[in-house]
Amino acid sequence: MIHEFSKVLKPGGKLYGFFPTIFCPLEIAHLSKPHAYWVTEGLVNVPHNTLHGRDWHYSQINYTPLRLNRIFKEVGLKRLNFEIYFLDSEILANVLKEDIEHDDPDIYLWTLLVRYEK
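Worth saying up front: this structure is predicted, and the values here are computed from it rather than measured.

(A) Local environment of the pattern of salt bridges. If you walk through the whole model with that rule in mind, you get four salt bridges. The salt bridge partner of Lys7 is Glu4, with a shortest N-O separation of 3.2 Å. One end of the pair, Lys7, and the other, Glu4, are both in helix α1 (residues 2-8), three residues apart, so they sit about a helical turn from each other. Lys7 sits in the exposed class, given a relative accessible area of 52%. Exposure remark for Glu4: the relative accessible area of 42% places this residue in the partly exposed category. The partner of Glu83 in a salt bridge is Arg115, and the shortest N-O contact between them spans 3.1 Å. Taken together, the positions of Glu83 in strand β5 (residues 78-87) and Arg115 in strand β6 (residues 109-117) put the pair 32 residues apart, joining distant regions of the chain.

Structure follows, in structure tokens:
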């Protein structure tokens with residue numbers, strides 16, 4: 001997908017996007033004892049940058065920041081900005097609480113917000 005972005009961007013064109021990071025579910029698993037099984041059962045697989053669900057028939061790619069940066073660099077895009085973005089609005093916080101069944105007010109999803117240029 002990132003290679004396709006590189007192909008369609010004109011020189012000087014910019015790409016802004018959110019990309020999931022494997023460290024978010026890893027951190028939740030370490031902070032929330034009920035979710036420790038994410039690590040012990042291999043649902044969070046850092047070496048392969050994948051996230052699996054017990055009932056999923058697929059895996060989701062979740063990047064490390066350095067790996068994501070390397071992928072962009074390999075397709076010829078220049079990093080402008082790379083930051084952590086907390087998905088902590090009331091709506092998203094409630095969705096997460098229902099989705100993973102937790103009650104810790106300090107646990108939010110977070111993702112990587114990137115800005116690149118061709």
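Following the structure, the description resumes.
(B) Summary view of unusual backbone geometry. One non-glycine residue with positive phi stands out, namely Asn49, at about 55°. Turning to its location among the elements, Asn49 is positioned in the loop between β2 (44-45) and β3 (50-52).

(C) The arrangement of the side chain of Asn69 in detail. As for its position among the elements, Asn69 is in helix α4 (residues 65-74). A polar atom in the side chain of Asn69 sits 2.9 Å from the side chain of Arg79. Setting aside residues up to four positions removed in sequence, Asn69 forms contacts with Arg79, Phe82 and Tyr116.

(D) Inspection of the packing of aromatic side chains at higher detail. Applying the stated criterion across every chain, the model contains six aromatic pairs. Pairing Phe19 with Tyr63 gives two aromatic rings, centres 6.0 Å apart and planes at 75°, and the pair type is edge-to-face. Of the two residues, Phe19 sits in strand β1 (residues 14-19) while Tyr63 sits in the loop between β4 (59-61) and α4, which places them 44 residues apart along the sequence. You can call Phe19 buried: its relative accessible area is 5%. Aromatic pair Trp56 and Tyr58: ring centres 5.1 Å apart, planes at 5°, arrangement stacked. Judged by its relative accessible area of 34%, Trp56 is partly exposed. On the basis of relative accessible area, Tyr58 is assigned to the exposed category, the value being 51%. Ring pairs connect the aromatic residues Phe19, Tyr63, Phe72 and Tyr116, which therefore count as one cluster.

Basis of the calculations
- Residues numbered from 1 in each chain as written.
- Predicted model: local features only at pLDDT ≥ 70, side-chain atom pairs only at ≥ 80, totals over all residues.
- Heavy atoms only, no water.
- Salt bridge = Lys/Arg side-chain N within 4 Å of Asp/Glu carboxyl O.
- Helix = DSSP H or I, 4+ residues; strand = E, 2+ residues; numbered from the N terminus.
- Buried < 20%, exposed > 50% of the residue type's maximum accessible area, 1.4 Å probe, protein only.
- Polar contact = N/O pair within 3.5 Å; in protein donor to acceptor, adjacent residues only side chain to side chain.
- Contact = heavy atoms within 4.5 Å.
- Phe/Tyr/Trp six-rings, centres within 6.5 Å; stacked < 30°, edge-to-face > 60°.

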